[in-house]
Amino acid sequence: MLTEFAEVENTRILHYGALDFDKSTHGFDLDVTSKKLKLDLHRRIRLINFIRKHKPTPADVGNLTGAESFFSSDEYLIPIIEDDPLLQLDFGDDWSDDEGSPSTGYPSSPPSDLSSALRRIQILEQKLSQAQNDMKDYQRLVTKKLDISNIAEILNEPGPSTTGALRDDDTHYFQSYGYNGAFHPFFFDKNLRGTKTDGHADIHAVMIQDKVRTSSYASFILTSPILFRDTIVLDVGCGTGILSLFAAKSGAKHVYAVEASDIAATAEKIVRENGLEDIITVIRGKVEEISLPDDVSHVDIIISEWMGYALLYESMLDSVLHARDRFLRPDGGVMAPSQCRIMLTLCEGSEIMKDRVDFWGDVYGFDLSEMAHEVYNEAIVDVVGPDSVDLNLKSITSRQLDFTSPFTLTSTSSMRTHVHALVLYFDTFFITTGEPLSPDVPVRLIKDGDATLAEVWPVGGKSASRRRASIGPGLKQKEQKKVISFSTGPLSQPTHWKQTIFLLRDPILAEEGTVVAGTFYCKKSDENSRELDVEIHYSVKKGAEPAGDVVVQMYKVR
């Protein structure tokens, strides 16, 4: 009996010792935080797993309000550490026997006689039974909420996609690309928000007429004939088939153009009208579900224009990575684009505030400012006048698309100004070798009026000049090092992606040298996997002054 008591007692002391260590070393009290935020068992489990995964500072945790998205996310019900002792604690009532120490939660001295030892054993057994019941409830909830494939996705590197998804996030997405005049998120700007556009301004025209986008793809493909000559190419999400046409023009042996929406039928007609049906095969279906004809198992190059707002909106990159893992030749296959770089910067944003927030204060003499409150909860896509996160498409996994990144932004303004927003944009790189680039490699900034593709872009119906491509070693070596890039940032010519703007509820008064530092959290939305949930934690430091309090703000990108 006394041996059983000792084992239970030692286990409990070990668990609570971890809490005391956090209190003394980090100044963090899990019990106090749980009571302050009024956390039930499952929300407390999510908090523990959130801390284990992201390792926030005590100040960050102290600024939590309980409304953060992870408190309702099933992802954080899965233990980060196996048999985590903190998940086995009971934060219910304090010790009820008079020999216990309420400040620590476990007895301060061993029992003095058999009677007190037996009484304490009974109390410990009750506590242990309650903890075991809580753990069983927790395990049942995890089993109910998450199927085996979801657990494998989070705990292990993902394998091939499985069929039979629990929720259909795809139907509307593919339908929106399927026909001219479609209502589509890319038309959300302050003049066209919520309107149906006609066939002359549909999404495919908007994308193709984006000169920065289309000319960069054309420049990489059409000026790399050695890379494309006699290769098998896979075009994921081909749309009208414009990238497939470029690849065929550049000498590809065969191009498989995969498209899940109804625009695939139009792409087939376009291919025939251009006399390339012997080179380009359009395949209708999702890339996760199709097979390549002619017993083709691997391709040499994958091309795709998968980028969305804030780079990852719409989650098409998951499909491209599935195609890479399934079809790309492992020895020397090339992804185009090869690398993307997410950038975050400060933005004065007074015009955006005027258009999106201040406008509601006086509408024909009426105060409609209540309409402005939700603006701070959703990211805005607009054009505005850093730190970075690099995504190497040759090696990144779908699991890594939910990411956390620290950032430090320093104001370079020579005048004191109010920073009303943080701005996110992305740079895209095409590399003929497919190898990762150093973060120091600059992106090309395209200005309005630049001749971005003078050599290969036909003008006025004239055919592009056809030059015989030398296969001499000099040109080969030069082509292997070639990099084509473009930016969606405010210093480059605007693109249809624009920039993603996160308005701050409390503007930052900044001057030269003011530092805004924090952590950027980005994950797929639990409600719709093609949307994004973003949390930004930041503090402001001016000169020699200590950094201010951590501010937390949450956004939806949709």
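Keep in mind that this is a model prediction, so the values were computed, not measured.

Caption draft 1: Region of the structure containing the environment of glutamate 535. Structurally, glutamate 535 is set in strand E14 (residues 532-541). Residues glutamate 535 and tyrosine 555, 20 residues apart in the sequence, show an inter-C-alpha distance of 6.3 Å. What glutamate 535 contacts, discounting residues up to four positions off in sequence, is Glu68, Ser69, Phe70, Thr519, Phe520, Tyr521, Val552, Gln553 and Met554. A distance of 3.1 Å separates the side chain of glutamate 535 from the side chain of serine 69, its partner in a polar contact.

Caption draft 2: Structural view of the confidence of the model for the chain. For the chain, per-residue confidence averages 76 on the pLDDT scale, and residues scoring 70 or more make up 70% of the total. Here strand E7 (residues 380-382) stands out as the element of the chain with the lowest mean pLDDT, 42, in contrast to strand E1 (residues 232-236), whose mean of 97 is the highest. Counting contacts from residues 172-201, a segment whose pLDDT is below 50, to residues more than four positions away or on other chains yields 62 contacts. Contacts of residues 459-479 to residues separated by more than four positions or lying in other chains number 18 contacts, the stretch itself having pLDDT below 50.

Caption draft 3: Representation of the packing of helix H9 (residues 211-222) against helix H11 (residues 242-249). Packing of H9 against H11 brings their axes to within 9 Å, and their N-to-C directions diverge by 25°. Considering the angle they form, H9 stands roughly parallel to H11. The handedness of the crossing between H9 and H11 is right-handed. On H11, the residues that touch Thr214, Tyr217, Ala218, Ile221 and Leu222 of H9 are Leu243, Phe246, Ala247 and Lys249.

Caption draft 4: How the structure looks around unusual backbone geometry. Cis geometry is found at the peptide bond from alanine 336 to proline 337, where omega equals 5°. As for its position among the elements, proline 337 is in the loop between strand E5 (334-336) and strand E6 (339-347). If you check the backbone angles, lysine 55 has positive phi at about 50° while not being a glycine. Counting through the fold element by element, lysine 55 comes out in the loop between helix H3 (41-54) and helix H4 (58-62). Phi angles above zero are rare outside glycine, and lysine 498 is one such case at about 55°. Looking at the secondary structure, you find lysine 498 in the loop between strand E11 (483-487) and strand E12 (499-510).

Caption draft 5: Region of the structure containing the side chain of glutamate 305. As for its placement among the helices and strands, glutamate 305 is situated in the loop between strand E4 (301-303) and helix H13 (316-327). Engagement of the side chain of glutamate 305 in a polar contact is seen with the side chain of arginine 213, the distance being 2.8 Å. Polar contacts involving the side chain of glutamate 305 include one to the main-chain amide nitrogen of methionine 307, which spans 3.2 Å. If sequence neighbours within four positions are ignored, glutamate 305 has contacts with Met207, Arg213, Tyr217, Leu243, Met316, His496 and Trp497.

Caption draft 6: Structural detail: the sheet that holds strand E2 (residues 254-259). Overall, parallel pairing links the 5 strands, which are arranged E3-E2-E1-E4-E5 in an open sheet. With partners counted over all chains shown, the strands left at the sheet margins are strand E3 (280-284) and E5, one partner each. The mean inter-strand angle of the sheet, taken between neighbouring strand axes irrespective of direction, is 20°. Sheet topology places E1 next to E2; 5 bridges connect them, and they run parallel. Within E2, the residue paired with aspartate 235 across the bridge is alanine 257. In this fold helix H12 (residues 263-273) packs onto E2 and E3, with an angle of close to 170° to the strand it touches most, E3.

Caption draft 7: Main features of the pattern of salt bridges. Across all of its chains, the model carries 11 salt bridges by this definition. Its salt-bridge partner being arginine 329, residue aspartate 331 comes within 3.6 Å of it at the nearest N-O pair. Put simply, Asp300, Arg329 and Asp331 are held in one network by salt bridges that share partners.

Each value, and the rule that gives it
Residues numbered from 1 in each chain as written. Predicted model: local features only at pLDDT ≥ 70, side-chain atom pairs only at ≥ 80, totals over all residues. Heavy atoms only, no water. Helix = DSSP H or I, 4+ residues; strand = E, 2+ residues; numbered from the N terminus. Contact = heavy atoms within 4.5 Å. Polar contact = N/O pair within 3.5 Å; in protein donor to acceptor, adjacent residues only side chain to side chain. pLDDT = per-residue confidence, 0-100. Axes fitted to C-alpha atoms, helices over the stretch in contact; angles between N-to-C directions. Parallel < 35°, antiparallel > 145°, perpendicular 65-115°, else oblique. Left-handed = near helix turned anticlockwise from the far one by under 90°. Pairing = 2+ DSSP bridges. Salt bridge = Lys/Arg side-chain N within 4 Å of Asp/Glu carboxyl O.

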